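Results of the structural survey
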Amino acid sequence: MVYDNYKNFLSILFFLFFSTANVQMSVQATTILIDPGHGGDDLGAVSSFMEREKDTQKDNQNSKKLGRVYYIEKELALEFAKKIYKELEKKYSVYMTRSFDNTISLDERAQMAEKVKADLFLSIHMNSSAKSSSQGFEIYYLDNHNDVAVRKVENVENRRISGSGSGGDIVNDSAFTDPIVHKILIDLIVERTVISSRKLAFEIHDELKSKISYKYNFKDRKVLAGVFYVLALSKCPAVLLEVGFISNHNEAMKLKGENFQKEYAKAVASAIDRYLKIADSGKLGFVSNQ
Ligand SMILES: [Zn+2]
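Conventions we followed
- Residues numbered from 1 in each chain as written.
- Predicted model: local features only at pLDDT ≥ 70, side-chain atom pairs only at ≥ 80, totals over all residues.
- Helix = DSSP H or I, 4+ residues; strand = E, 2+ residues; numbered from the N terminus.
- Buried ≥ 20, exposed ≤ 12 C-beta atoms within 10 Å, placed from the backbone.
- Pairing = 2+ DSSP bridges.
- pLDDT = per-residue confidence, 0-100.
- Contact = placed C-beta atoms within 7 Å.
- Axes fitted to C-alpha atoms, helices over the stretch in contact; angles between N-to-C directions.
- Arc of directions from axis to C-beta.
- Parallel < 35°, antiparallel > 145°, perpendicular 65-115°, else oblique.
- Left-handed = near helix turned anticlockwise from the far one by under 90°.
- Nonpolar A, V, L, I, M, F, W, Y, C, P; charged D, E, K, R; others polar.

Bringing the overall build of the protein chain into the picture now. Scanning the protein chain from N- to C-terminus turns up 9 helices and 8 strands. Counting the 290 residues in the protein chain, one finds 37% classified as buried.

In terms of burial, strand S5 (residues 120-127) is largely enclosed, as 8 of its 8 residues are buried. Here S5 shows a buried face lined by Leu120, Leu122, Ile124 and Met126 and a second buried face lined by Phe121, Ser123, His125 and Asn127. Both S5 and strand S8 (residues 238-245) contribute to a ladder of 6 bridges, which runs parallel. Bridge assignment links Ser123 to a residue of S8, and that residue is Leu240.

What follows is about the confidence of the model for the protein chain. Overall, the prediction assigns the protein chain a mean pLDDT of 83, with 78% of residues at 70 or greater. Confidence drops under a pLDDT of 50 for residues 8-28, and excluding neighbours within four residues, the segment shows 6 contacts in the predicted structure. Confidence over residues 163-173 falls short of pLDDT 50; this stretch has 19 contacts with residues more than four positions distant or in other chains.

Here we come to unusual backbone geometry. Residues other than glycine seldom take positive phi values, yet Lys117 does so here, at roughly 55°. Phi angles above zero are rare outside glycine, and Lys235 is one such case at about 60°. Mapped onto the secondary structure, Lys235 falls in the loop between helix H7 (229-234) and S8. With 18 C-beta atoms packed within 10 Å, Lys235 lands in the partly exposed category.

Looking now at the sheet that holds strand S4 (residues 93-96). As summarised here, the arrangement of the 6 strands in space is S4-S1-S5-S8-S6-S7, forming an open sheet in which the pairing is mixed. Each edge of the sheet is formed by a strand with only one pairing partner; in this case those strands are S4 and strand S7 (220-226). Each strand of the sheet is rotated relative to its neighbour by a mean of 20°, with strand direction disregarded. Where strand S1 (residues 31-36) meets S4, 4 bridges bridge the pair, whose relative direction is parallel. Pairing of Thr31 across the sheet is with Ser93, part of S4.

This paragraph deals with helix H8 (residues 249-256). Regarding H8, the residues found buried are Glu251, Ala252 and Leu255. Along H8, the residues classed as buried sweep out an arc of 105° about the axis, all on the same side. For H8, the elements touching its buried residues are strand S2 (46-52), strand S3 (66-72), helix H2 (73-88), S5, S8 and helix H9 (258-280).

Before going further, it helps to spend a moment on the packing of H2 against H9. In contact at an axis separation of 8 Å, H2 and H9 are set at 50° when each is read in the N-to-C sense. For the element pair H2 / H9, the angle class is oblique. Crossing angle aside, the handedness with which H2 passes H9 is right-handed. Contacts from Glu79, Phe80, Lys83, Ile84, Lys86, Glu87 and Leu88 of H2 reach H9 at Gln261, Lys262, Tyr264, Ala265, Lys266, Val268, Ala269 and Ile272. Its residues assigned to classes, the contact of H2 with H9 shows 8 nonpolar, 1 polar and 6 charged.

Next up, the structure:
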């Protein structure tokens, strides 16, 4: 009798172990698509500053020449995306919309989200402003809003909706150019994804605030709602990260830093871990399109 109870106990343990394993399995099966903004003939934002050359010859400090250094959004976006990829691939199935410098339209990026059956979509960008003092990080999720400042960012990031350099016909996003259809489509996608996307945005925000903001004197410009086609077209919980301002010289140099990039990527990855734990517990109510 005691033996039977022991056997039951063991089988319950066995069951618990494997049901836990299943939960972990479903987290591991999560597919994340990272989208480095712009690329190829679409440079994104560009800034340049006069800087002293890096000191390679320590014996001759005075030989460091002043030269113009360029900061290009498409290049920095790819650097950050690769760092985030490296962090996430340890646990999840991760893809990138581009892993080198090629031209790719917003529509093609979204098609990739469908192809790989992305559960999460992260679009990576660098911010820019005519005001050189503008600085800090922003995190956008898809939702309607009445914010004039956000509209400026949207205009920049939505420019290449059909701008494939290959000259190919863009069919899928033509619906988005009709204002009425566009509004209905956006509303439908917002309805399906907004709770998850907003939660993901806030998790990333909180992590960046606690791990990066103070250490690097990096301004918190908060979580914002925006209508970004690439987020809408991806049709899954998605955020657009404006990592920082390359129009601000101090910030541009910060963004180029290897350690800064790594720590930013780590913060994003641990925010995604936290988000997925919440999503996996069913508390967000998002119904996957798969
Ligand atoms: Zn951009």
